[in-house]
Amino acid sequence: MAFREYKVGARLFGVALGGSMLITLYMPTVDMTSVAVTETGLVKQLSYGRIGGFSYEDPLLRGEGKPKTVTLTKDPATNADMETVQAFVYEPGIPFPSGINHPRTLGPGATELSLDKGRISEADHNAGAVFVVRRGSHQGETLHYIENATATRGWKYDQVLNAGGDANTSYVGSGKIMFVREGCWWCHTLLPEQTQDWQYFGIPPRLGDFNGESPTAFGSDRKAPDLLHVGSRNSSKEWMMMHFFNPRLVQPHSIMPRYDYLWGDKDADGKAIDYDGWRSAYNDYAAGKTLTPPDVPSYQSNSEIRYLMDFILSLK
Amino acid sequence: MLKYLFKRNEDIPPGTSAVFFGFSSIMWFVIGTGLGSFNAAKLAFPDFVMGSELFSFGHMRQVHVFAVIFGWISMAFAMAMMYITPALGNTKLWSEKLGVWNCFLWNFGLSLGLTLLWFGIGSGREYSDFPWVIDLYVAGFIFLPLALNVWMTIVTRRTQGIYTTNWFFGASVFMVTIVFIVGNSPEWFNLTGLSEAYMTWWFAHNVLGLWITPVAAAIAYYTVPKVTGNPLYSHRIGHLHFWSVVVFYSTPAAHHLMSAPLPEWLKSFASVEGVLILVPAIAFVSNLLLTMTGKWHMFVENVEIKFTITGVMLAIPLNMQGGFQQTRAINWYVHGTGWIVAHAHLALLGFSTFLEGAAVYYGLQTLLRRKLYSLALANFHFWFLLIGFAIYWISMTIAGLIQGAGKIYEVPYIDVVIAEHPYMIARWIGGTMVFTGNVVWLYNMYMTAKAGTEIPEGRLPHELAYER
């Protein structure tokens, strides 16, 4: 160091950078983590699982290691009728989301309720667990919290899966992986803006909606409709099927790519899907040679398109 | 390159690592812009190459972004550091061998990371998409060796003072390593929630503001005085530029999330700091343009000056746009539209590319001691780059303004898609022109290495006449 100014400068640099990181990293995080999670946030993290991107349990982003969302109308343990409840089933070995592993991230109030009334600390991911979202009150405030239904009601994961059956099971977590991997978020945002477009796309998310979710997948620059509340606007599986197989079937001017490859090799009846045949039949339709377009094949219950559709339709 | 990996450091000729970085960066520029052209074709013509998961837009999009940022821009930066830092210290690079290994491992790691992204294996966070395993590799084998080499070269310099360029090089290479490690820590520690989204954008912003912007500017601080022969206009303004970048550019990360439910105090703080970015911007532009006094004829005659001064001038709309588009008053309109894409390309393809392009042109000629093979091809490259970029920028700005209008007028979304279609085609044409220019550049530099006129010791490339 030749000039003493360099020593002074180096120290000032450290102060400047350190100060900047204090103000822009530490302070905001303290501020943001002081908010309790909302019901939406709980439903999201319980249905998505631990991580929605590259992870130990799913390094190739195939939708593995994710929970299942089951809609129940009967109590799976006693078989009695009950009000409709969404249960989040974690089979043995599936990692729990952030709210279970680190209850602090649920925020003030929700953390205490989940631990005391919800008994989430008793959940063991090697044995599997079932969670539900409940409403309670803590120090006069109404809050939502996570209840470990395996501990409080004796619901076992296999009981719940059997009670629901495939028709009532949604692979929302695996679907989010499809959404991230296929890059839907490069065009479709998941963030109606606070300033306008919430009248068109629905209410903007609130701070507590994100606790425990990773990644947040807001989306990049918007080149397609926002999808945060798409399930409330359009819950038609048939429309979604056609839109994914070839967007120009239902929206002729769409620039969305085709996601037909997510159907896999076979359709729901086990027959091989003839993609080339479909495409030439579609080209004939688009050229005006036939009156109706070819039918979109129905998908298998364990296909990637099923996962993706379950995720999209869960965005209410 | 392989033979230099295992030689002793003393046996590796000075400038070797810079030349390897230079050619690597040009190759990644060709690959990156080729990918960009491919992606733009898909937006303009959605059934272009359909039915394949690997070649779908969602998979290819981020491969383009990472190839140009970590392939072209960052490697051109590394090349500049490898030859400018020692030159300014009147010494040799601390370790050519480390530089050659850095280049080799960089190429290898980037290829690996891009392949993973191509298969859709990413973290789902924009700009920090690399899975954390690759992030560790990048921090440990790409940025850390570069930082070490640059720092040790500055510390073992034979001059007393440190010139402006080296302040920026030293500071930026240190900052980018910290930013990379801290910015990817949410992935390593599985941070969740809005804090994680915010840190993702803190990372993205600081890569742009503490790595890409300052190093590109620093390169101009070397190129213009060196090639024109004029001294830098003002050392004091250089001071102002440096300190205002550190203070004002590291803080406004929240301006990427003005429409998200971040705390309002954070957004206001970010906005104010963001407008203040105009301070280093004006300092830089004025300092460099005033350094050209008496030598403006070189802007027409000399390739490196043409590139550098174009880049400096593009910094004017860039920072005017950037400073004001991140205030709430304007951001509500342009957020998430093509305007932002246009702005991003103005920064990376306009400002940054033109500045380090000049350094690569100048550096390869000086280090190989060969004059540029063809001035005509260099001019072709310049004009195709500039016109292609301009078409891209103008078309995406217009498309963005249309998308913004779509937000307020609540038209059916498909009407916005239909309206922006012609601009998507224009953007594809602009981007393809850039790609074409780059292919020509690769050929020109390859021929320069093979058959360029030899430059005698002690002469600068532009002092020699062209033989052709």
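Rules used in this analysis
Position labels on residues start from 1 in each chain and follow its written sequence. For naming, the first written chain is A and the first written ligand is 1, with later ones following in the order written. For a predicted model such as this one, the threshold for reporting local features is a pLDDT of at least 70, and the threshold for listing and counting side-chain atom pairs is 80 or more; totals across whole chains, interfaces and linings nevertheless cover every residue. Helix and strand assignments follow DSSP, with helices taken as H or I runs no shorter than four residues and strands as E runs no shorter than two, numbered in order from the N terminus. Counting other C-beta atoms within 10 Å of a residue's C-beta gives its exposure: the residue is buried at 20 or more, exposed at 12 or fewer, and partly exposed in between, where C-beta atoms are placed from the backbone. Two residues qualify as being in contact provided that their C-beta atoms, derived from the backbone, are within 7 Å of each other. Strand pairing requires that DSSP identify at least two bridges connecting the strands. Domain boundaries shown here were taken from an automatic or database domain assignment. Classification used: nonpolar for Ala, Val, Leu, Ile, Met, Phe, Trp, Tyr, Cys and Pro, charged for Asp, Glu, Lys and Arg, polar for all others including Gly. Helices are assigned an expected span. That span is 1.5 Å times one less than the residue count. In this analysis an axis means a line fitted to C-alpha atoms, helices contributing only their contacting stretch, and an angle means the value between N-to-C directions, from 0 to 180 degrees. Just so you know how the angles are binned, under 35 degrees is roughly parallel, over 145 roughly antiparallel, 65 to 115 roughly perpendicular, and the rest oblique. When the near helix sits turned anticlockwise from the far one by under a right angle, the crossing is termed left-handed; a clockwise turn instead gives a right-handed crossing. By convention the nonpolar core is taken to be a set of buried residues drawn from Ala, Val, Leu, Ile, Met, Phe, Trp, Tyr and Cys and joined through C-beta atoms within 7 Å.

## Side note on the overall build of chain A
Per the secondary structure count, chain A includes 12 helices and 5 strands. Dimensions along the principal axes, computed over C-alpha positions, put chain A at roughly 80 × 65 × 40 Å. The 316 residues of chain A split such that 47% are buried. The contacts of chain A with a sequence gap of at least 6 include a subset with a gap of at least 24, amounting to 72%.

## Side note on the sheet that holds strand 4 (residues 141-148) of chain A
Reading across from one edge, 4-3-2-1-5 (chain A) is the order of the 5 strands in this open sheet, with antiparallel pairing throughout. Since the sheet does not close on itself, it has two edges, and those belong to strand 4 and strand 5 (169-170) of chain A, each with one partner.

## Side note on the domain arrangement of chain A
How big an interface is tends to be stated in terms of the accessible area lost upon association of its parts. Residues and elements named next belong to chain A. With domains assigned, chain A is organised as domain 1 (39-170) and domain 2 (179-314). On a C-alpha basis, the centres of domain 1 and domain 2 stand 27 Å from each other. Counting residues at the interface gives 19 residues for domain 1, matched by 16 residues for domain 2. Put simply, the parts of the chain that give the side of domain 1 that touches domain 2 at least two residues each are helix 2 (39-48) and helix 3 (98-101). The biggest single contributor to the side of domain 1 that touches domain 2 is helix 2, with 6 residues. In the side of domain 1 that touches domain 2, the residues fall into 5 nonpolar, 12 polar and 2 charged.

## Remarks on helix 11 (residues 275-286) of chain A
It helps to recall that an α-helix has 3.6 residues per turn; residues three or four apart then point in one direction. In this model, helix 11 of chain A (12 residues) spans 16 Å end to end at C-alpha, consistent with the 16 Å of a helix rising 1.5 Å per residue. Immediately downstream of helix 11 of chain A, the backbone of Gly288 of chain A shows phi near 90°, a positive value.

## Re the pairing of strand 3 (residues 129-138) of chain A
Residues and elements named next belong to chain A. Of the pairings in the sheet, the one linking strand 2 (residues 81-90) to strand 3 comprises 3 bridges and is antiparallel in character. Each bridged residue has a counterpart across the sheet, and for Phe88 the counterpart in strand 3 is Phe131. Both strand 3 and strand 4 contribute to a ladder of 8 bridges, which runs antiparallel. Bridge pairing in strand 4 places Gly136 opposite Leu143. If you look at the hairpin formed by strand 3 and strand 4, you'll find 2 residues sitting between the two strands, and Gln139 has a positive phi there, around 50°.

## Topic: the packing of helix 10 (residues 278-291) of chain B against helix 12 (residues 303-325) of chain B
Think of two packed helices as two axes; the pair is described by the angle between the axes and how far apart they sit. Residue and element names in this part refer to chain B. Packing of helix 10 against helix 12 leaves a shortest axis separation of 10 Å and a crossing angle of 165°. By the angle between their axes, helix 10 is roughly antiparallel relative to helix 12. The two elements helix 10 and helix 12 meet at a crossing, and its hand is left-handed. Contact residues: helix 10 offers Leu278, Ala281, Phe284, Val285, Leu288 and Leu289, while helix 12 offers Val312, Ala315, Ile316, Asn319 and Gly323.

## Comments concerning the nonpolar core
Looking at soluble globular proteins, one finds that nonpolar side chains tend to be buried together. Residues Ala87 and Val130 of chain A together with Met79 of chain B are the most contacted members of the largest nonpolar core, which totals 232 residues. Each of domain 1 (39-170) and domain 2 (179-314) of chain A gives at least three residues to this core. If sequence neighbours within four positions are ignored, Val130 of chain A has contacts with Ala87, Phe88, Val89, Ala149, Thr150, Trp155, Tyr157 and Val160 of chain A.

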